[in-house]
Amino acid sequence: MAKITAGIACSHVPAIGVAMDQHITEQPYWVPVFEGFEFSREWNKKNKPDVVFLVYNDHCTVFDASCIPTFALGCAAEFAPADEGWGARPVPVVKNHQELASHIAQSLILDEFDMTIMNEMEVDHGLTVPLSVMFGDKTPEDDWGTLVIPLAVNVVQYPAPTANRCYALGQAIKRAVESWPEDINVHIYGTGGMSHQLQAQRAGLINATWDQQFMDILVNEPEKARKISHLEFLRETGSEGIEMVMWLVMRGALEEKVTEVHRHYHVPASNTAVGHLILENHA
Amino acid sequence: MAEKEYDDIPGTYVFDADRSRQGYWLNQFCISLGKEANRQAFRDDPEAHMAKFKMTEEQKQAVRDRDWNRLLELGGNIYYTSKLGAFDGIVFQDLAAMMSGMSRDDYRAMMVAGGRSPDGNRYKSEWEKK
């Protein structure tokens with residue numbers, strides 16, 4: 001059967017993608033950000049996934065104000081990198097495991113998670129930056145080296161789904177994957193965060209203490225993490241810090257006990273605290 | 001509008017359904033600038049391009065003024081208004097500096113030094129004391 005063997009949490013700051021695309025990762029500003037990804041890329045080669053289930057948010061690229069699905073599952077054959085106003089990122093087209101995606105959609109809906117199904121969709125930096133972090137430099141002619149099932153979560157218009165709901169969705173994703181007969185290795189990514197506020201007079205807010213505590217409880221006491229309120233995210237981590245609910249989807253899809261094999265935290269990348277975890281399931 | 005539990009967070013516009021409703025056409029105008037054909041139309045004739053969207057006069061004026069916080073106050077969302085910033089060639093971090101009333105260099109230095117501390121920035125009452 002298919003098995004989720006690891007969960008990866010990763011910020012998806014667009015500037016990380018820009019730094020890679022413009023080959024400026026050796027600049028002093030970026031060195032401490034990318035140093036923390038060196039282990040991850042080696043680990044990823046040794047633990048190569050067949051499929052990545054990638055939880056991210058679209059930044060008004062595909063879903064403008066006219067349509068705001070809370071959970072949208074990518075079921076198309078492939079997803080092209082989107083033009084976000086500066087031309088599309090020069091990275092490969094993202095290819096889906098379409099049969100597994102359809103199975104997950106069906107399983108989740110029967111499990112009472114009412115998903116939106118996307119049979120045509122482009123993907124923005126929210127999805128491609130974490131892939132770049134884990135798979136390294138790629139050109140449009142390359143292959144990512146994995147199939148990807150995207151799950152777009154609304155975190156732009158308040159309220160995002162609650163931490164608790166995201167965690168429960170993760171548990172349902174685990175059930176869906178484990179009921180697929182093919183023997184394949186699946187990784188799940190929870191992306192976005194950590195603390196950041198991009199807007200208004202309080203822009204630039206970073207809460208490193210909170211971020212580190214969040215990583216601790218997410219790993220070791222997820223039952224506590226799933227109870228974090230939206231108000232706490234907004235007040236303590238900035239208006240855009242609420243993206244961290246997506247890390248709860250990842251955590252919910254793992255076993256109760258996990259091994260933290262890697263943690264990286266750095267401030268800043270542009271306006272944002274970069275946080276990154278690799279968690280392995282026991283057994 | 002009913003009072004909301006997040007109304008006491010200072011310097012923050014939580015983009016909820018009320019703001020989304022108020023800012024709908026403003027945001028749709030901004031996001032149109034993600035496409036080159038629309039950027040060209042806006043360059044050629046700003047008023048004519050704005051007229052395609054049912055914005056209020058206040059919203060149009062805030063666009064003309066590039067008053068970034070006013071745009072948020074009138075229902076704009078940062079992921080949308082940043083497309084107008086990009087149209088002007090303003091990178092995201094500089095936009096953040098402008099909205100927080102800091103110079104580009106001061107803002108950048110604050111971020112490199114660890115960002116804006118949450119201490120003293122959690123409640124409006126903390127700002128009123130300053």
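A. Spotlight on the overall build of chain A. Tallying secondary structure elements over chain A gives nine helices and ten strands in all. Over its C-alpha atoms chain A spans a radius of gyration of 17 Å, differing by no more than 12% from the 19 Å that the globule rule assigns to 283 residues. Viewed in the frame of its principal axes, chain A has a C-alpha envelope of about 45 × 45 × 45 Å. Expressed as a percentage of the 283 residues in chain A, the buried residues total 65%. Expressed as a percentage of contacts within chain A between residues at least 6 apart in sequence, the contacts between residues at least 24 apart total 80%. Of the roughly 10000 Å² of accessible surface on chain A, a fraction of 51% belongs to carbon and sulfur atoms. Averaging the locations of the 19 positively and 37 negatively charged side chains of chain A gives two centres separated by 8 Å.

B. Fine view of the side chain of asparagine 57 of chain A. Residue and element names in this part refer to chain A. Here asparagine 57 shows up in the loop between strand 2 (51-56) and strand 3 (71-74). A polar contact is formed between the side chain of asparagine 57 and the side chain of histidine 12, at a distance of 3.2 Å. In contact with asparagine 57, other than residues within four places in its own chain, are His12, Asp124, Gly126, Val153, Val155, Val156, Glu243 and Met246.

C. Region of the structure containing the layout of surface pockets. Of the volumes computed, that of the largest pocket is approximately 1200 Å³. Lining the largest pocket are 43 residues, and of these Pro14, Ala15, Val18 and Ser270 of chain A together with Phe92 of chain B sit closest to its centre. Considering each element in turn, the lining of the largest pocket owes the most residues, six residues, to helix 1 (residues 14-21) of chain A. Taken together, the residues that form the lining of the largest pocket break down as 19 nonpolar, 16 polar and eight charged. Of the voids in this model, the second largest pocket is the one considered here, and its volume is about 280 Å³. For the second largest pocket, the lining is made up of 18 residues, of which Asp7, Thr12, Tyr13, Arg19 and Lys124 of chain B are closest to its centre. Breaking the lining of the second largest pocket down by element, the ones donating at least two residues are helix 1 (17-22) and helix 10 (124-128) of chain B.

Rules and cut-offs
Numbering of residues begins from 1 in every chain and follows the order in which that chain's sequence is written. Lettering for chains starts from A, numbering for ligands starts from 1, and both go in the order in which the items are written. pLDDT decides what is reported in this predicted model: residues at 70 or higher carry local features, side-chain atom pairs at 80 or more are listed and counted, and totals for whole chains, interfaces and linings draw on all residues regardless. Each side-chain value is worked out from all heavy atoms of the structure, with water and hydrogens disregarded. Secondary structure elements follow DSSP: runs of H or I no shorter than four residues count as helices, runs of E no shorter than two count as strands, and numbering proceeds from the N terminus. Radius of gyration here uses only the C-alpha atoms, and the compact-globule reference equals 2.2 Å multiplied by the residue count raised to the power 0.38. The cut-offs for exposure are 20% and 50% of the maximum accessible area for each residue type, with area from a 1.4 Å probe on protein chains only; residues under the lower value are buried, those over the upper are exposed, and the others partly exposed. Two residues qualify as a contact provided that any one of their heavy atoms is within 4.5 Å of a heavy atom in the partner residue. Residue exposure ignores everything except the shown protein chains as possible cover, and the areas themselves are Shrake-Rupley values with a 1.4 Å probe. Charged residues are defined narrowly, with Lys and Arg counted positive, Asp and Glu counted negative, and His plus the chain ends left uncounted. Here the site of a charge means atom NZ of a Lys, CZ of an Arg, CG of an Asp or CD of a Glu. Polar contact criterion, stated in full: a pair of N or O atoms within 3.5 Å, where within protein one must be able to donate a hydrogen and the other to accept it, and residues adjacent in sequence count only if both atoms are side-chain atoms. Whether a set of points on the 1 Å grid over the protein atoms alone is a cavity depends on a 1.4 Å probe fitting there but being unable to get out, while an open set qualifies as a pocket with protein on both sides within 12 Å along at least five of seven lines; lining residues are those with an atom within 4 Å of a point. Grid points are joined across faces, edges and corners, and a volume is the space filled by probe spheres set on the points. By the convention adopted, Pro, Cys, Tyr, Trp, Phe, Met, Ile, Leu, Val and Ala count as nonpolar, Lys, Arg, Asp and Glu as charged, and the other residues, Gly among them, as polar.

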